[in-house]
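Report on the structure
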Amino acid sequence: ELRLRRFDGVFRWFLCRACALSDESGPISRWCGICTDIDDRWRAEADLHTIETNYGEFVDGFPGLVVTMDMAGRVELFSSEILEYFGKTREELRSWSTKDAVHPDDLPRVAAAFRESVATGKPYSIEHRCLRADGVYRWFQVRALAVRDDERRITGWYVVLTDIDDLKRAEEAMRASERNLTLIVNTMPALAWSATADGRAEFFNQHYL
């Protein structure tokens, strides 16, 4: 592949092939050459490389935990925060088993949900725990969206992991407070009840019952 100068001074890329021709006695009698203009292909490949480079840099610098996968679900690109959270290199993460990243109690439903998404193309959304580099599990909301071509065929997946561990802890603390309040109300030596704004009774403590 080389560039040839056109009559107007513009260089264009060509794929040049040459084949030796010989007569019956064996010696080469001539050469046959074909030069195919591939300049448009070169430009397209250069543009594609630029897009892929920029896209890779965008994913790498995304302010969050982001993964891209091919149509079969094999991981391809990671944001820097993914690498930091799991404490792995890109090569290690590509060969890392899901069972090593997801809490064992969450793994069966995670695997089932993702298999269904890959098979049907439906968006994937689930909450599960991921193992941090220091051995601590944190809760994440994980969403995956299929990327499709013009013919609606799946070409890949975008996956975003949102850390919701603090929210989970707050929800559990609220539930614990509600349980404690219920326990206090039910054990207090009095007849306690509550009503809606229009006066309809909606709660009686155990002593009242």
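The residue numbers shown here count from 1 along each chain, following its written sequence. For this predicted model, a pLDDT threshold of at least 70 governs which residues receive local features, and a threshold of 80 or more governs which side-chain atom pairs are given and counted, while totals over whole chains, interfaces and linings are taken from all residues. Note that the side-chain values use all heavy atoms of the structure and ignore hydrogens as well as water.

Topic: the overall build of the chain
Numbering of helices and strands runs from the N terminus, with a helix taken as a DSSP run of H or I at least four residues long and a strand as a DSSP run of E at least two residues long. A tally of helices and strands in the chain yields 5 helices and 10 strands. The buried share of the chain, reckoned over its 209 residues, is 24%. Sequence-distant contacts, at least 24 apart, represent 31% of the contacts inside the chain between residues at least 6 apart. To be clear on the numbers: accessible area is Shrake-Rupley with a 1.4 Å probe, and residue cover counts the displayed protein chains and nothing else. With an accessible surface of roughly 14,800 Å², the chain has 56% of that area assigned to carbon and sulfur atoms. Between buried and exposed lies partly exposed: a residue is buried under 20% and exposed over 50% of the maximum accessible area for its type, with that area taken using a 1.4 Å probe on protein chains only. Two residues qualify as a contact provided that any one of their heavy atoms is within 4.5 Å of a heavy atom in the partner residue.

Here we look at the sheet that holds strand β8 (residues 154–163)
Strand order in the open sheet formed by 5 strands is β5-β4-β8-β7-β6, and the pairing between neighbours is antiparallel. The sheet is open, and its two edges are formed by β5 (75–78) and β6 (124–131), each paired on a single side. Strand-to-strand, the axes of this sheet are offset by a mean angle of 30°, without reference to chain direction. A pair of strands is treated as paired once DSSP finds two or more bridges between them. Direction of pairing for strand β7 (residues 137–148) relative to β8: antiparallel, over a ladder of 9 bridges. Considered in β8, the bridge of Q141 is made with T162. Sheet strands touched by helix α5 (residues 165–187): β6, β7 and β8. Its angle to β7, the strand with the most contacts, is close to 125°. Axis definition: a line fitted to C-alpha atoms, over the contacting stretch in the case of helices. Angles run 0 to 180 degrees between N-to-C directions.

What about the pattern of salt bridges?
When a carboxyl oxygen of Asp or Glu lies within 4 Å of a side-chain nitrogen of Lys or Arg, that pair is called a salt bridge. If you walk through the whole model with that rule in mind, you get 17 salt bridges. The shortest N-O distance in the salt bridge between D106 and R109 comes to 3.5 Å. Relative accessible area serves as the criterion here: at 3%, D106 is assigned to the buried category. We note a salt bridge from R138 to D166, for which the minimum N-O separation is 3.5 Å. Here the residue R138 occupies a position in strand β7, and D166 occupies one in helix α5, the gap between them amounting to 28 residues. Overall, D166 belongs to the exposed group, its relative accessible area being 56%. Three or more residues are tied together by salt bridges with common partners; here these are R138, D163, D165, D166 and R169.

Topic: the sheet that holds strand β3 (residues 28–37)
Strand order in the open sheet formed by 3 strands is β1-β2-β3, and the pairing between neighbours is antiparallel. Both outer strands of the open sheet, β1 (2–5) and β3, are each paired with one neighbouring strand and no more. Pairwise comparison of adjacent strand axes, ignoring direction, gives a mean angle of 50° for this sheet. Summarising the sheet, β1 and strand β2 (residues 11–22) pair through 4 bridges and their orientation is antiparallel. Its bridge partner lying in β2, L4 is registered against R12.

Comments concerning helix α4 (residues 107–120)
The periodicity of an α-helix, 3.6 residues per turn, causes residues three or four places apart in sequence to face the same way. One less than the residue count of a helix, multiplied by 1.5 Å, gives the span that helix is expected to have. Its 14 residues give α4 an end-to-end C-alpha distance of 20 Å, which sits within 8% of 20 Å, the value for a rise of 1.5 Å per residue. Of the residues trailing α4, G121 is marked for its positive phi of about 85°.

Quick notes on the nonpolar core
For the purposes of this section, nonpolar cores are sets of buried Ala, Val, Leu, Ile, Met, Phe, Trp, Tyr and Cys residues that join through side-chain atoms within 4.5 Å. Residues V67, I82, F86, F140, V142, V159 and L161 are the most contacted members of the largest nonpolar core, which totals 23 residues. Counting residues per element, the ones that place at least two in this core are β4 (65–70), α2 (80–86), β6, β7 and β8. Discounting chain neighbours no more than four positions away, the residues touching V159 are L65, V66, V67, M69, V142, R143 and A144.

Describing the pairing of β3
Along β3, only 0 of the 10 residues are buried, which leaves the element largely exposed. Here 9 bridges tie β2 to β3, and the two strands are oriented antiparallel to one another. Counterpart to A20 in the pairing with β3 is W31. As consecutive antiparallel partners, β2 and β3 are separated by 5 residues, and within that stretch G26 has a phi angle of approximately 115°, a positive value.

Examining the confidence of the model for the chain
Mean pLDDT over the chain: 82, with 89% of residues reaching 70 or higher. As a per-residue measure, pLDDT reflects the predictor's confidence and takes values from 0 up to 100. Predicted confidence in the chain is weakest over helix α1 (residues 39–61), with a mean pLDDT of 65, and strongest over β1, with 94.

So, the packing of aromatic side chains
The pairing test for Phe, Tyr and Trp rings, Trp by its six-membered ring, is centres within 6.5 Å, and the orientation test on the planes gives stacked under 30 degrees, edge-to-face over 60, and tilted for anything in between. All chains considered together, the criterion is met by 6 aromatic pairs. With 3.9 Å between their ring centres and 0° between their planes, W13 and W42 make a pair best called stacked. Of this pair, W13 sits in strand β2 while W42 sits in helix α1; the two residues are 29 residues apart in sequence, bridging distant segments of the chain. Looking at W13, the relative accessible area reads 18%, which means it is buried.

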